[in-house]
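Okay, here's what each chain looks like letter by letter:
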Amino acid sequence: MTDPYLWLEDVSAERSLDWVRERNARTLGEYTENAEFSALESRIRDILDTDNRIPYVVIRGEYLYNFWRDGRNKRGIWRRTLLEQYRTDDPEWDVLLDVDALAELEGENWVWAGATVLRPARSRALLSFSRGGADATVVREFDLESREFVVGDQAFSLPEAKTDISWIDEDTVYVGTDFGEGSMTDSGYPRVVKRWRRGTPLAEAITVFEGSPTDVAVSAAYDDTPEYTRHFVVRSLDFYNSEQYQLLSDGSLLRIETPNDAETSVYRNWLTIRPRTDWEVDGVIHPAGSLLVTNYPGFLAGSREITPLFTPDEHTALEGGRWTQNHLLLVQLSDVQTKLSVLTPNDTGWEEKPLDGVPELTASSIISTDHRNGDNFFINSSGFTTPATLLYGTVGGPLEPVKQAPSFFEAEGMLVSQHFAVSDDGTEVPYFLVRRTEAEGPCPTILYGYGGFENSMVPGYNGSMGSSWLERGGAYVVANIRGGGEYGPSWHTQAVREGRHKAFEDFAAVARDLVSREVTTVKQLGIQGGSNGGLLMGVMLTRYPTLFGAIVCQVPLLDMKRYHLLLAGASWMAEYGDPDDPEDWKFISEYSPYQNSATSADYPPILITTSTRDDRVHPGHARKMAALLEEQGHEVWYYENIEGGHGGASDNAQAAFKSALTFSFLWNQLNR
């Protein structure tokens, strides 16, 4: 296929930006220049900016750290407080950095990208900022005592790049960044990791490890757990396979001989392993998605005495886990509903107990622990109609609600239900439905999907969705299609590469089930997805156009012939396949939206959105697809935020505008 719109991949070319401005103006003129939109945007902005939101924290020793945005702090403030203060209704916060003031002082559009605090002293931090929300960041060292940036030759400071940096001690860091030609992988991440000592030029940093250009990335880290300090190197071969090494004092590497596709972690003398495919050890098969533990020094010495801590079944999967100082907290999913437990090693093995006190009918996640300093933790629980509750506890003690998010919409009379659609191959696919109980007959419905990279779509409170859609009489649906992690690794691996079609078939099955249940009609059914979910939307448009009344496609992948050549695309070939391999292109070409769009087809209206500053999924995908659909005579609306990165928005104002545009488009289209 000759690509007539290849020129739109030139992100900042004036010709490309003129094309963007013209389409932006058309879309905004149609959907935003009215009082109803202004009221909707204002309502969403108030939700995002309210001071009554929960200030989620990271435990670092005696302090709890939080990054906060609101109406007064557009770019945000980085701050900290003590636990005793945090548990009060109005904590006293110690503001460490005001990003708005910094941006104004330096004339930069800084967007906060995170902090790495030196342990145990916590006197310094490595702060990351992006311009406009991109993945690439600038790294600067910050003195937590003086509240000033460290400057000069003695500072750890790095220009804009996709950088990985972490502390070894106050005067030494591990760093992977753009060291010059050949130092980055084909995916745009560090290929070389070095040990950099304070006061020396970056060019003189000592190379620790070099990967291959075809790797996704390499990194190194220092584990500063008292009495168990170690150095590690990780070589990410692709998105799901990696080699892990312990870096010894003489500079040599000792391979940790776990399966390449396993999630591997070392804590004290425990090695935990979660294989993504069945793993046979000494005649015992440990199924994909298990959580296994063994003695780390013994494993390095050749022992394979392994204890299963979690074994999945057809309904249950492991969602995640976090260590406290003496315990392991686990989050399990049972038919996409969470259950928490505590595992404790003792002289006879491992004891498991349920973690009681979590609100019922909610999805829960572990927000923070500090395994170096105690067994305390924070857990967040919320549901589709239940605002978040933040709970604090210590293993062995009761859970205490310490923060409660406000309600942003009237949940009384709302019903949350779970259903199962049957996909083309007979697989039962779960989905959640939220709607008013007194609703009679079909109503405008948003069906949301993702279906990739083993990401699970679990219930959660969304004030914007509730106030802008559910209260107006609409229904909201979340589809748990294959490609996600709702039932463990196998739920994901069924839909990678040549199995990708299963994710699409699952989503279409949910759409049909909603219509057959008379929740909605085809004309009233709108769908939404972003990133990998944007690819899903593109396939729904080109393969299943008769199932939907409107589509919102956000920061999408759409040209699957060239995705691996654009920005971070090469890192996703384990998910989708290699378009340059004829065998892979056979199955990719069957669904790639850009190559399968047809003039003769009757497509539903589509809104495609992206960000100029997205340096993960190239905005060329969205631009070219919109241009092609226009040429073919289809109804396509386009909006590109000049800022925002892969999230599509760099602050609350942009996020509110983007959400209001989505709801306005769908309400308009589905109520015709």
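Residues numbered from 1 in each chain as written. Predicted model: local features only at pLDDT ≥ 70, side-chain atom pairs only at ≥ 80, totals over all residues. Heavy atoms only, no water.

1. Focus: the overall build of the protein
Here is the rule: A helix here means a DSSP run of H or I that spans at least four residues, while a strand means a run of E at least two residues long, and both kinds are numbered starting from the N terminus. Atoms considered for the radius of gyration are the C-alpha atoms alone. The globule rule reads 2.2 Å times the number of residues to the power 0.38. Relative accessible area decides the class of each residue, using a 1.4 Å probe on protein chains only: under 20% of the type maximum gives buried, over 50% gives exposed, and in between gives partly exposed. Any two residues whose heavy atoms approach within 4.5 Å are treated as being in contact. Under this rule, positive means Lys or Arg and negative means Asp or Glu; His and the chain ends count for nothing. Lys charges are placed at NZ, Arg charges at CZ, Asp charges at CG and Glu charges at CD.
Tallying secondary structure elements over the protein gives 14 helices and 39 strands in all. For 672 residues, the compact-globule estimate of 2.2 N^0.38 gives 26 Å, and the C-alpha radius of gyration of the protein, at 25 Å, lies within 12% of that figure. Considering only C-alpha atoms, the protein reaches an extent of 65 × 60 × 55 Å along its principal axes. Sorting the 672 residues of the protein into buried and exposed places 58% on the buried side. Contacts spanning at least 24 positions in sequence make up 57% of the contacts within the protein whose residues lie at least 6 apart. When the 59 positive and 99 negative side-chain charges of the protein are each reduced to one mean point, those points stand 2 Å apart.

2. Quick word on the packing of aromatic side chains
Stated formally: Stacked, edge-to-face and tilted are the three classes for Phe, Tyr and Trp ring pairs, Trp counted by its six-membered ring, which pair at centre distances within 6.5 Å; planes under 30 degrees apart are stacked, over 60 edge-to-face, the rest tilted. Cation placement over rings: the criterion is NZ of Lys or CZ of Arg within 6 Å of the ring centroid and within 35° of the ring normal.
Under the definition given, this model contains 36 aromatic pairs. Three or more aromatic residues joined by ring pairs make a cluster, and in this case those are Tyr63, Tyr65, Phe67, Trp78, Trp110, Trp112, Phe129, Phe142 and Phe149. When the ring centre of Phe149 is taken as origin, the NZ or CZ atom of Arg140, which lies over that ring, is 4.1 Å away. Its guanidinium or amino end placed over the ring of Tyr86, Lys403 lies 4.8 Å from that ring's centre, counting from NZ or CZ.

3. Things to note about the pattern of salt bridges
Put simply, the test is: When a carboxyl oxygen of Asp or Glu is within 4 Å of a side-chain nitrogen of Lys or Arg, the pair counts as a salt bridge.
As enumerated under the stated definition, the model contains 43 salt bridges in all. A salt bridge links Glu630 to Arg23; its shortest N-O distance comes to 3.0 Å. With Glu630 in helix α13 (residues 620-631) and Arg23 in helix α1 (residues 14-31), this residue pair connects regions lying 607 residues apart in the sequence. Assessed through its relative accessible area of 14%, Arg23 is described here as buried. Of the charged contacts in the structure, one is a salt bridge between Arg72 and Asp70, with a shortest N-O distance of 3.6 Å. A residue is classified by how much of its surface remains accessible, and Arg72, at 65% relative accessible area, is exposed. One salt-bridge network, in which partners are shared between bridges, spans Asp3, Glu9, Asp559, Arg562 and Lys624.

4. Quick look at helix α14 (residues 652-670)
To keep it simple, the criterion reads: To estimate how far a helix should extend, the number of its residues minus one is multiplied by 1.5 Å. Think of a polar contact as two N or O atoms within 3.5 Å of one another; within protein, one of them needs to be a possible hydrogen donor and the other a possible acceptor, and neighboring residues in sequence only count if both atoms come from side chains.
Across its 19 residues, α14 extends 27 Å between first and last C-alpha, which sits within 8% of the 27 Å expected from 1.5 Å per residue. Burial within α14 is extensive, with 14 of its 19 residues counted as buried. N-capping of α14 is provided by Asp651, with a side-chain oxygen placed 3.1 Å from the backbone N of Ala653.

5. Some thoughts on helix α8 (residues 501-516)
For the α-helix, the turn length of 3.6 residues means that residues three or four positions removed from each other point alike. In this model α8 runs 22 Å from its N-terminal to its C-terminal C-alpha over 16 residues, within 8% of the 22 Å that 1.5 Å per residue would give. Every buried residue of α8 is accounted for by Ala503, Phe504, Glu505, Asp506, Phe507, Ala508, Ala509, Val510, Ala511, Asp513 and Leu514. At its buried positions, α8 is contacted by β32 (414-422), β33 (428-436), β34 (445-448), β35 (475-479), β36 (525-530) and α9 (532-543). Following α8 by one or two positions, Glu518 has its phi on the positive side, about 65°.

6. Looking at the environment of Leu96
Take Leu96: it is sitting in strand β4 (residues 94-98). The spatial distance from the C-alpha of Leu96 to the C-alpha of Ser468 is 35 Å, given a sequence separation of 372 residues.

7. Some details on unusual backbone geometry
Residues Arg119 and Pro120 are joined by a peptide bond in cis, for which omega reads -5°. Tracing the backbone through its elements, the reader meets Pro120 in the loop between β5 (110-117) and β6 (124-131). The backbone of Leu567 sits at a positive phi, close to 50°, despite the residue not being glycine. Examined against the element boundaries, Leu567 turns out to sit in the loop between β37 (550-554) and α10 (573-576). Residue Leu567 is classed as partly exposed on the basis of its relative accessible area, which comes to 32%.

8. Quick look at the nonpolar core
Worth spelling out the cut-off: Here the nonpolar core consists of buried residues drawn from Ala, Val, Leu, Ile, Met, Phe, Trp, Tyr and Cys, with membership extended through side-chain atoms lying within 4.5 Å.
Counting residues in hydrophobic clusters, the biggest one holds 98 residues, and the most contacted among them are Leu447, Phe507, Val510, Met540, Phe548, Tyr576 and Ile608. Once residues within four sequence positions are removed from consideration, Tyr576 is found in contact with Phe453, Arg497, Arg500, Asn532, Leu535, Leu557, Met560, Tyr563, Phe587, Ile588 and Tyr591. Ala103, Val117, Val138 and Phe142 belong to the second-largest nonpolar core, a separate cluster that totals 18 residues.

9. Describing the sheet that holds strand β18 (residues 263-267)
Our working definition: Any two strands with at least two DSSP bridges between them are considered paired. Throughout, an axis means a line fitted to C-alpha atoms (over the contacting stretch in the case of helices), and angles, computed between N-to-C directions, take values from 0 to 180 degrees.
Read from one edge of the open sheet, four strands run β18-β19-β22-β23, paired in antiparallel fashion. Both outer strands of the open sheet, β18 and β23 (307-310), are each paired with one neighbouring strand and no more. Between one strand axis and the next, the sheet turns through 25° on average, direction left out of account. Where strand β22 (residues 291-295) lies against β23, three bridges are found, and the strand directions are antiparallel. Bridging across to β23, Val293 finds its partner in Thr307.

10. Quick look at the pairing of strand β27 (residues 349-354)
Bridging between strand β26 (residues 337-346) and β27 involves six bridges; their strand directions are antiparallel. Counted as the bridge partner of Pro345 is Trp350 from β27. Where β26 folds back on β27, the antiparallel hairpin that results is connected by two residues.

11. Details of the sheet that holds strand β28 (residues 363-369)
Strand order in the open sheet made by the four strands is β28-β29-β30-β31, with antiparallel pairing throughout. The open sheet is flanked by β28 and β31 (400-404), the only strands paired with a single partner. Adjacent strand axes in the sheet meet at a mean angle of 30°, parallel and antiparallel pairs treated alike. With six bridges connecting them, β28 and strand β29 (residues 376-382) associate as antiparallel partners. When the bridges of β29 are listed, Ser365 appears paired with Asn380.

12. Topic: the pairing of strand β3 (residues 77-82)
Burial of β3 is extensive: five of the six residues sit out of reach of the surface. Note that strand β2 (residues 63-68) and β3 share six bridges and pair antiparallel. Across the sheet, Trp68 pairs through a bridge with Ile77, a residue of β3. Note: β3 against β4, four bridges, orientation antiparallel.

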